[in-house]
Amino acid sequence: MNPPVRVLYLAGSGRSGSTLVTTVLGQYDGVFAAGELRYLWQRGEVENRPCGCGRPLRDCPLWSGVRRELPTDRAAAIAAGLRGRLRMRGLPTLLRRHRRGVRPVPVHPDDATLADLYAAVARHTGARVVVDSSKLPPYGALVGALPGIELRVLHLVRDPRATAFSWRRRRGLDGDADPELMSRPPVGKAALLWLVWNTVTVRLWADRAPTGYLRVRYEDLTAEPEATLARIAAFAGVDPDGGPFTGPATVRLTPTHSVAGNPSRHRTGPVPITADVQWRHDLSRWSYALVTALTVPGLRRFGYPWRRGVPAPAGAGRPARGGPAAAGGRSVGVGRAGSTGHEEG
Ligand SMILES: [Zn+2]
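Below is a summary of the structure that appears in this document. (Residues numbered from 1 in each chain as written. Predicted model: local features only at pLDDT ≥ 70, side-chain atom pairs only at ≥ 80, totals over all residues. Heavy atoms only, no water.)

Moving on, we get to the sheet that holds strand E7 (residues 250–253). Working definition: the strands of a sheet are paired by backbone hydrogen bonds and lie parallel or antiparallel to each other. With antiparallel pairing, three strands are arranged side by side in an open sheet as E6-E7-E8. The outermost strands of the open sheet, each flanked by one partner alone, are strand E6 (245–247) and strand E8 (269–272). Between one strand and the next, the sheet's axes are offset by a mean angle of 35°, whatever the strand orientation. Here E7 runs beside E8; their pairing, made up of four bridges, is antiparallel. (Pairing = 2+ DSSP bridges. Helix = DSSP H or I, 4+ residues; strand = E, 2+ residues; numbered from the N terminus. Axes fitted to C-alpha atoms, helices over the stretch in contact; angles between N-to-C directions.)

Laid out in structure tokens, this is it:
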């Protein structure tokens, strides 16, 4: 029998640095940056959108090999099945099942195909770790219950005022020339989604720390990129010294074959990692107040200040009292200013 496929699942809310982390991790030996695999069927197979390497997915040599082992003629049906199983309204049931110790997302006939996908990816890439940046907690719960998968969860959190601001930007799904835009929820909705997805991520996995769950804040990642990525690599079980850093905050990126995600996944060459702090100046007072009011429980849990301009206390971001001690990140304050901030999805 084959050893299980280790999947590093990036969980949480969108616009929290997951594309950056996925692309950088993909440069380490033994790691394959698969991108947002929950979108493989619709955006990759049906819509033939670009792979991280720039080719349409169906023309990418790497994915061609993987696709030969999958029932690609059923891609649209598999995508529809996933959408149906991962609806927001199913969350209360999902959490109830998790609390009772049963599989959070019920068994489905497509599960064997999904398990085959991860096994085929590992086989064709030779990777010891497959990075899946799908983020959506219910999909992570589904993947973690598949046969032959060993799931490790990296929970990326970012200040909700920053993510709400980032969501409002107009961005093409696959770059500026793409007429189809990334979703742009109003700030109130973005705030609620932030609270829901981060809370559900904690409920599902935080008790698996330190071996099965690691929480990292975007602000700590951008303040100390090399050290934080080394910590993530060690958590994933790969050599933390084998990364692409040419300086403490600069990486040299080669193309990945990631599916879906922020258009920044196509960046290559030397790339500085800096915090995107435009929201600090440009988020309106009204939006700041609304997002703050809607996310109060999460602000406290993840160590973000209520008031504007107040730096997070040292050690913030550690789990609340009673939480798993090793889950939180070392905190060195809220990210630094940078004129060429790294906007992330
Ligand atoms: Zn490719």
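After that view of the structure, there is still more to cover.
This next bit is on the coordination of the zinc ion. Coordination of the zinc ion by the protein comes from Cys51 (SG), Cys53 (SG), Cys60 (SG) and His257 (ND1), over a distance range of 2.1 to 2.4 Å. One can describe the donor arrangement at the zinc ion as tetrahedral, given that its four donor atoms subtend angles of 95 to 118° at the metal. In the primary structure, the donors to the zinc ion are separated according to the pattern C-x1-C-x6-C-x196-H. A relative accessible area of 23% places Cys53 in the partly exposed class. (Donors = N, O, S within 2.8 Å, 3.2 Å for Na, K, Ca; no water. Tetrahedral: all angles 85-135°; square planar, octahedral: opposite > 155°, others 65-115°. Buried < 20%, exposed > 50% of the residue type's maximum accessible area, 1.4 Å probe, protein only.)

Residue placement: Leu221 occurs in helix H10 (residues 218–223). Take Leu221: its relative accessible area is 0%, and that puts it in the buried class. Residues Leu221 and Ala275 lie 54 residues apart in sequence; the distance between their C-alpha atoms is 8.6 Å. Apart from residues no more than four positions distant in its own chain, Leu221 is found in contact with Leu20, Val21, Val216, Thr228 and Leu229. (Contact = heavy atoms within 4.5 Å.)

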